[in-house]
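A look at the structure
Below, each chain spelled out in residue letters.
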Amino acid sequence: MSKEQLSIIDKVLEYVSSPFRLFAMVLMAVLTFAGYFVYANQELLIGAYKESKKIPSIAEDRVEDAAALLFKQSGALVVAVFKVNSMFGTRVLHRAYGKNGRDKTNDGLDVGLFTQNAANNADVVKLMANEIPCSEYRSAQSEMGLWYIARGVAYTCRISVPPEPGRFVGQITVGWASEPEDMDSTRAMLQIAATMLSRSKQ
């Protein structure tokens, strides 16, 4: 090292004579690095932000309408609407409805996307492929499943929101005491409800 470099190091060491000054210097270095990182990658960060704005989301102002449609047209016992984040593997209950109206008991409950339950995982794969999995519901697949069973549900159907392959940002689960007589009509109602949750009224 040259004498000039040694002189600079000596000055820095003299300045850092207390723990507070050391902390301040480390903090300034971290902030400087963070500022440089943001400046150097500003196009990437702006692009990521713009792309995140294109990701669809549930039209929250239409959840009540979609649930009412399913109760009226399909004779459902329960309707549950979930917000899904495939990237983080979360499926969070947004709203749940029974015959007597909204039930807030489990609002905000994350039941997970893929779990240790094989039947659930098979249904999630079908939802991602824009299928409508329907089957008997004999045992709970999650904490929400206990809620379904307590309300007399023995048959369920699920649909993704929006009802398009690869754009899985929400899920509607509908439960009945037994398999609906007209499954074609029931699936059509599910498609309509999922489309309603894809488009805001505004």
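Residues numbered from 1 in each chain as written. Predicted model: local features only at pLDDT ≥ 70, side-chain atom pairs only at ≥ 80, totals over all residues. Heavy atoms only, no water.

Considerations on the sheet that holds strand S4 (residues 134-136)
Operational definition: Criterion used throughout: strands pair if DSSP finds at least two bridges between them. Strands here are runs of E lasting at least two residues and helices are runs of H or I lasting at least four, both read from the DSSP assignment and numbered beginning at the N terminus. Note on definitions: a residue-residue contact is assigned when non-hydrogen atoms from the two residues lie within 4.5 Å. All axes here are fitted lines through C-alpha atoms, helices being fitted over the stretch that makes contact, and every angle between N-to-C directions spans 0 to 180 degrees.
One open sheet holds the 6 strands; their spatial order is S3-S2-S1-S6-S5-S4, and the pairing between them is antiparallel. Edge positions in the sheet fall to strand S3 (101-102) and S4, since each has one partner strand and no second. The pairing of strand S1 (residues 78-85) with strand S6 (residues 170-176) spans 6 bridges and is classified as antiparallel. Each bridged residue has a counterpart across the sheet, and for Val78 the counterpart in S6 is Gly175. The strands touched by helix H5 (residues 118-128) within the sheet are strand S2 (90-98), strand S5 (155-161) and S6, with S5 carrying the most contacts at an inclination of about 40°.

With respect to the state of the cysteines
Our working definition: Any two cysteine sulfur atoms lying within 2.5 Å of each other are counted as a disulfide. Exposure classes here rest on a 1.4 Å probe applied to the protein chains alone. A residue is buried below 20% of its type maximum, exposed above 50%, and partly exposed in between.
This model, assessed by the stated rule, comprises 1 disulfide. Each disulfide pairs two cysteine sulfurs, and for Cys134 the partner residue is Cys157, the sulfurs being separated by 1.9 Å. For the disulfide bridge between Cys134 and Cys157, the dihedral angle about the S-S bond is near 120°, and by the sign convention the bridge is right-handed. On the criterion of sequence distance, the pair formed by Cys134 in strand S4 and Cys157 in strand S5 is long-range, its members being 23 residues apart. Across this residue pair, the class does not change: Cys134 and Cys157 are buried.

Thoughts on the side chain of Gln141
Within the secondary structure layout, Gln141 lies in the loop between S4 and helix H6 (143-150). Here Gln141 falls in the buried class, since its relative accessible area comes to 17%. Sequence-distant contacts of Gln141, defined by excluding residues within four places in its chain, comprise Asn117, Ala119, Asn120, Asp123 and Arg158.

Notes on the packing of helix H4 (residues 63-74) against helix H7 (residues 183-196)
Basically, it comes down to this: Roughly parallel means an angle under 35 degrees; roughly antiparallel, over 145; roughly perpendicular, 65 to 115; everything else is oblique. In this classification, the charged set is Asp, Glu, Lys and Arg, the nonpolar set is Ala, Val, Leu, Ile, Met, Phe, Trp, Tyr, Cys and Pro, and all remaining amino acids, among them Gly, are polar.
Interaxial distance between H4 and H7 falls to 9 Å at its minimum, and their mutual angle equals 170°. Regarding the angle of H4 to H7, the classification is roughly antiparallel. Note on element contacts: H7 touches H4 through Met189, Leu190, Ile192, Ala193 and Met196, opposite Asp65, Ala66, Leu69, Leu70 and Gln73. Of the residues belonging to the contact of H4 with H7, the class tally is 8 nonpolar, 1 polar and 1 charged.

Looking at H4
Stated precisely, the cut-off is as follows: Take the residue count of a helix, subtract one, and multiply by 1.5 Å to get its expected span. The arc in question is traced by the directions running from the helix axis to the C-beta atoms.
Its 12 residues place the ends of H4 16 Å apart at the C-alpha level, agreeing with the 16 Å of an ideal helix rising 1.5 Å per residue. Listed in full, the buried residues belonging to H4 are Val63, Ala66, Ala67, Leu70, Phe71 and Ser74. What you see down the axis of H4 is that its buried residues fit within an arc of 135°, all on one side. Tucked into the core, H4 has its buried residues touching S1, S2, S6 and H7. A positive phi of about 70° marks Gly75, the residue just after H4.

Quick look at empty space enclosed by the protein
For clarity, the threshold we go by: Method remark: on a 1 Å grid restricted to protein atoms, a set of points is classed as a cavity if a 1.4 Å probe fits but cannot get out and as a pocket if it is open with protein on both sides within 12 Å along at least five of seven lines; lining residues have an atom within 4 Å of a point. Grid points are joined across faces, edges and corners, and a volume is the space filled by probe spheres set on the points.
Under the criterion given, the structure shown has 1 cavity of 30 Å³ or more. In this structure, the largest cavity encloses a volume near 80 Å³. If you list the elements that add at least two residues to the lining of the largest cavity, you get H6 and S6. For the lining of the largest cavity, a count of residues per class yields 5 nonpolar, 5 polar and 2 charged.

Quick notes on the nonpolar core
Most often, soluble globular proteins have nonpolar side chains that are buried together. Under the convention used in this document: For our purposes a nonpolar core is just a set of buried Ala, Val, Leu, Ile, Met, Phe, Trp, Tyr and Cys residues, chained together by side-chain atoms within 4.5 Å.
Core analysis: the largest hydrophobic core is formed by 26 residues, its most contacted members being Leu70, Val79, Cys157, Ile172, Val174, Leu190 and Leu197. Only H4, S1, S5, S6 and H7 provide two or more residues apiece to this core. Not counting residues within four places of it along the chain, the set of residues in contact with Leu70 comprises Gly75, Ala76, Val79, Ile172, Val174, Met189, Leu190 and Ala193. Counting 13 residues, the second largest nonpolar core, distinct from the first, contains Leu77, Ala80, Leu93 and Tyr148.

Some thoughts on unusual backbone geometry
Note that the residue after Val161, namely Pro162, is joined by a cis bond; omega there is -10°. Of note, Pro162 is situated in the loop between S5 and S6. Its identity as a non-glycine residue notwithstanding, Asn130 has a phi of 65°, on the positive side. Among the secondary structure elements, Asn130 is positioned in the loop between H5 and S4. Asn130 sits in the partly exposed class, given a relative accessible area of 23%.

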